[in-house]
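Remarks on the overall topology
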Amino acid sequence: MFTKNFKNLMVLNLLNANHGGTDMGTDTTTTPTYYTSSGKECSNIGNSNKLYVGLTSALSDTLKTNDYYSKSAHLIIGTGTGTISENDYCLFNEASNCTCVSAASSTTSNLTKSYTATFQNNSESDVTITETGIMGKLYIENGWYKVLLEHTLLETPVIIPAGGTRTITYVWSF
Amino acid sequence: MLTNNFKKILFKYIFGFSTIGSDDNYPPSEFSDKPTLISISGSNCPIDATNQYVLRDIWYSARNSLSTLATRSTDGLGYIILGSGTTEPTPEDYRLESQITTNLSCDNVSVSRNTTVKTYTATFSNSGTSPITVTEIGYVSRTGYGTNPITYDDFLMDRTVLETPITIPAGESRTVTYELSF
């Protein structure tokens, strides 16, 4: 499910343009609020243009394996369960003992984008993955923050054996 | 129903274009194809997606057309059209099944927005002596495409077939409201 963060970013640039110009429009009567992965509330519309740059860069460029890079996106996995909501700003329980060891993004057709990431279980126990997410690292208000863009609860959990790896592929079709 | 024209513009912008500001001037990894839009006249119109600045201008044009409504075809703006077709819409639609142009004019438009919903309103008048029955509605963007200088054409972004037809009596007006919700 796309989060409200993602929707707000899309709406800002799709529906709030300044005719003939390159900046955001004058229809700034509503100020979207964003929630970072730590729950921090941000609402500075003055950076909306940069926000969108961050979003398009994050989703266009090669997927990253972690959150080190700004204007980037990376996949995350978790072991939590619950009811998915567009208000989600983090996974229910991100799997801290699994790390992404490789990541890539590609367009497989005109209207389909896919992201692939391989995670390694660094613990001595099997880990059952029940949720995934796309996390963007965007500039909001006064700094770079991780922003959850999508959150999915897996219909069938995936087990990563102790010391083993599993590859996750996100397919985004229009 | 949103058309492939709409999807291609949106998709290309999100995934094939990372430059909009001066401090983000580097090309994305996927920058070689030229998505083709189909105008309401049936012309194939390739977006020059190999040129990030042309693509940026196209995006601004498409974006503006979703932000500012006009009463009729105007470069860089959107407008609403009415028709009498009843065929179920598909993403491949590039025109209304049967656009109504005789004795029908758009007199007044307005746009409003809350956080995630954009509302487009247009008033149509029947100047003829017979009622006009409307069964389909389209949202059209007059978007630029191609390489500099950009050429403008009219692209159907959405086609909706009404569950309940609207009749505009002779000499009267009716107001159409579109809501684009995220």
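Residues numbered from 1 in each chain as written. Chains lettered and ligands numbered in written order. Predicted model: local features only at pLDDT ≥ 70, side-chain atom pairs only at ≥ 80, totals over all residues.

Looking only at helices and strands, chain B features two helices and eight strands. Tracing chain B from N to C terminus, the helices and strands come up as α-β-β-α-β-β-β-β-β-β. Nonlocal contacts in chain B, meaning residues at least 24 apart in sequence, comprise 63% of its contacts between residues at least 6 apart. (Helix = DSSP H or I, 4+ residues; strand = E, 2+ residues; numbered from the N terminus. Contact = placed C-beta atoms within 7 Å.)

As a further point, take the overall build of chain A. For chain A, the count of helices and strands is two helices and eight strands. Across chain A, helices and strands are ordered from the amino to the carboxyl terminus as α-β-β-α-β-β-β-β-β-β. Contacts in chain A between residues far apart in sequence, at least 24 positions, make up 67% of those at least 6 positions apart.

This brings us to the confidence of the model for chain A. Across chain A, the average pLDDT comes to 79, with 74% of residues at or above 70. The low-confidence segment residues 17-29 of chain A, where pLDDT is below 50, has 25 contacts with residues more than four positions distant or belonging to other chains. (pLDDT = per-residue confidence, 0-100.)

Turning our attention to the environment of Leu 66 of chain B. Within the fold, Leu 66 of chain B resides in helix H2 (residues 52-67). Leu 66 of chain B sits 45 residues away from Val 111 of chain B along the chain, and the two C-alpha atoms are 9.5 Å apart.

Turning next to unusual backbone geometry. Excluding glycine, a negative phi dihedral is what most residues carry, and trans is how most peptide bonds are arranged. Of note, Asn 103 of chain B is a non-glycine position whose phi angle comes to about 65°, a positive value. Counting through the fold element by element, Asn 103 of chain B comes out in the loop between strand E3 (78-83) and strand E4 (104-113).

A separate point is the sheet that holds E3 of chain B. Residues and elements named next belong to chain B. Sheet architecture is open: three strands sit in the order E3-E6-E7, paired in antiparallel fashion. The sheet terminates laterally at E3 and strand E7 (151-168), the two strands that pair on one side only. Across the sheet, the axes of successive neighbouring strands diverge by a mean angle of 25°, strand direction being ignored. Relative to strand E6 (residues 132-145), E3 runs antiparallel, the two being bridged by six bridges. Residue pairing in the sheet places Ile 80 in a bridge with Tyr 139 of E6. (Pairing = 2+ DSSP bridges. Axes fitted to C-alpha atoms, helices over the stretch in contact; angles between N-to-C directions.)

Turning next to the sheet that holds strand E8 (residues 173-181) of chain B. Residues and elements named next belong to chain B. A sheet is described by the order of its strands in space; here three strands give the open sequence E4-E5-E8, paired in antiparallel fashion. Of all strands in the sheet, those bounded by a partner on one side alone are E4 and E8. On average, each strand axis in the sheet is tilted by 20° relative to the strand beside it, whichever way the strands run. By the bridge criterion, nine bridges tie strand E5 (residues 117-126) to E8 in an arrangement that is antiparallel.

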